[in-house]
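Coordinates in review
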Amino acid sequence: MDFEDKDRLDVRRRKGCGGGFVEMREIETAIGALRSGLKSFSKYVPLDVVSLLVKMKREAVLGVDEMILSIFFSDIANFTGISEQMSPHDLVEMMSEYLDEMSSIIVESQGIVDKFIGDAIMAFWNAPLFLEDHAIIACKVALKSQKRLHELRKGWCQRGYPEIFARIGVHTGETLVGNIGSPTRLSYTCLGDTVNTASRLEGLNKRYKTSILISEVTYNAVKENFLCRPLDEVAVKGKTTAIKIYELVGYRKEKENSRALENKLNLFHSAFDDYCKKDFKRAKLKLEFYRTSFPDDIPTLLLIQRINDLLNSGIPENWTHVIILDEK
């Protein structure tokens, strides 16, 4: 450790014998406190990120940089109803385990756990550490989180807890990131439209009964690595421009079952393209065939119903495939 300014050490000379030992004990105590603080900090930020911040020797002051980040939001479905079914002790125990497991997955991937908002988690990648594949990493974390939650759910059910399901949204874009707050209380966080969009994507899972939604920007960065399908192009409340949303289904692997799933997802993709081009009858035929493999798939049922309504009532001259959502 480099001490460039000796005045930073409050080591006072003491009269009498043993003064040197007292000073050494004070130094040892201070270093121990520093280690404890860094250990606590590393529960939220990767250790190498902490090391980088120390090496950069940047004072923690108000200020942000504009960077391209991948933002992750997760939330537990029907948390209010779940909390009403559990005792306070069991609820705290389950949530502590859940948040610990999910945040560990994020930290292990070099991500930053920005904050817990009740049962929700916000995280991001590509700051302060540069991660070239941050969008891919964020999607891996989303899938890994859902897999780990599935494992936890089995144990919780055995303990009599209600079933817990989570929704996740991931978006990639320019974001303001840095120390934000007041001169006496700072938070290393990010803000901006990209953050808001990621949050809205998480919420849109409720509409489609999906578990992970990503934006088109994120999709374009990860489509060679993951299986995805387009669901809609939506203009969410508070935004003037529409965004195309995709469901993150799984990894793109060279296994036969993955190939078969990929072919089915390509069929859905083709049907969605036909729908956007107003070729509704062709789109419906493809969706009905897709439905033979996934009869209860909500996005398929929603799109078929939308097409039926258009075919039955007529297509407005100003029709557009963009969905305008009034709710958040």
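Values in this document were obtained by computation on a predicted structure and should not be read as measured data. Numbering of residues starts from 1 in every chain and runs along the sequence as written. Totals for whole chains, interfaces and linings use all residues, but because this is a predicted model, local features are given only for residues with pLDDT of at least 70 and pairs of side-chain atoms are given and counted only at 80 or more. Hydrogens and waters are ignored; side-chain quantities use all the structure's heavy atoms.

Side note on the packing of aromatic side chains
- Stacked, edge-to-face and tilted labels apply to pairs of Phe, Tyr and Trp rings (six-membered ring for Trp) whose centres lie within 6.5 Å, assigned for plane angles under 30 degrees, over 60, and everything in between, in that order. All told, the structure shown has ten aromatic pairs when counted by the stated rule.
- When the ring of Phe72 is compared with that of Trp125, the centres are 6.0 Å apart and the planes differ by 75°; the resulting orientation is edge-to-face. Note that Phe72 is positioned in strand 1 (residues 63–76) and Trp125 in strand 3 (residues 120–125), a separation of 53 residues in sequence. One exposure class covers both Phe72 and Trp125, and it is buried.
- Geometrically, the ring pair formed by Phe226 and Tyr251 is tilted, given 5.5 Å between the ring centres and 35° between the ring planes. Under the scheme used here, helices are H or I runs from DSSP no shorter than 4 residues and strands are E runs no shorter than 2 residues, and both carry numbers assigned from the N terminus. For each residue, the accessible area found with a 1.4 Å probe, counting protein chains only, is set against the maximum for its type, and the residue is called buried under 20%, exposed over 50%, and partly exposed in between.

Description of a nonpolar patch on the surface
- Taken together, Val64, Leu176 and Leu191 make up a surface patch of nonpolar side chains, about 210 Å² in accessible area.
- When you line up the elements, Leu176 lands in strand 4 (residues 166–182). Patches draw on residues past 30% relative accessible area with no salt bridge. Two like charges within 9 Å are joined, as are two nonpolar side chains (Val, Leu, Ile, Met, Phe, Trp, Tyr) within 5 Å. Here the open area of atoms and residues is found with the Shrake-Rupley method and a 1.4 Å probe, where only the protein chains shown may cover a residue. Salt bridge, as used here, is a side-chain nitrogen of Lys or Arg placed within 4 Å of a carboxyl oxygen of Asp or Glu.

Concerning helix 9 (residues 280–291)
- Working rule for helices: expected span equals 1.5 Å times residues minus one. End to end, helix 9 covers 16 Å across twelve residues, agreeing with the expected 16 Å (1.5 Å per residue, within 8%).
- Residues Phe280, Ala283, Lys286, Leu287 and Tyr290 constitute the buried set of helix 9. Buried residues of helix 9 fall within an arc of 130° about the axis and therefore sit on the same side. Of the residues in helix 9, the exposed ones pointing more than 90 degrees away from the buried face are Lys281, Leu285 and Phe289. As used here, the arc is the angular range of directions from the helix axis to the C-beta atoms.

Examining the state of the cysteines
- Note on disulfides: each one is a pair of cysteine sulfur atoms within 2.5 Å. One pass over the structure, following the stated rule, counts zero disulfides.
- Free of any disulfide, Cys139 has its nearest neighbouring cysteine sulfur in Cys228, separated by 6.6 Å.
- By relative accessible area, Cys139 is classed as buried at 0%.

Thoughts on the side chain of Thr210
- Following the sequence through the fold, Thr210 ends up in the loop between helix 6 (193–208) and strand 6 (212–215).
- The definition of a polar contact used here is a pair of N or O atoms within 3.5 Å, where within protein one atom must be able to donate a hydrogen and the other to accept one, and adjacent residues in sequence count solely through side-chain atom pairs. Within the local environment of Thr210, its side chain forms a polar contact with the side chain of Asn205, the two groups lying 2.7 Å apart.
- Should any heavy atoms of two residues lie within 4.5 Å, those residues are counted as being in contact. Not counting residues up to four positions away in its chain, the partners in contact with Thr210 are Arg167, Asn205, Leu231, Glu247 and Pro299.

Some thoughts on unusual backbone geometry
- Following Ala127, the chain continues into Pro128 via a peptide bond in cis, with omega recorded as -5°.
- When you line up the elements, Pro128 lands in the loop between strand 3 and helix 5 (134–158).
- Unlike most non-glycine residues, Asn78 shows phi in positive territory, near 55°.
- Here Asn78 lies in the loop between strand 1 and helix 3 (79–84).
- What makes Asn78 exposed here is its relative accessible area of 52%.
- Notably, Lys278 is not glycine yet its phi reads approximately 70°, a positive angle.

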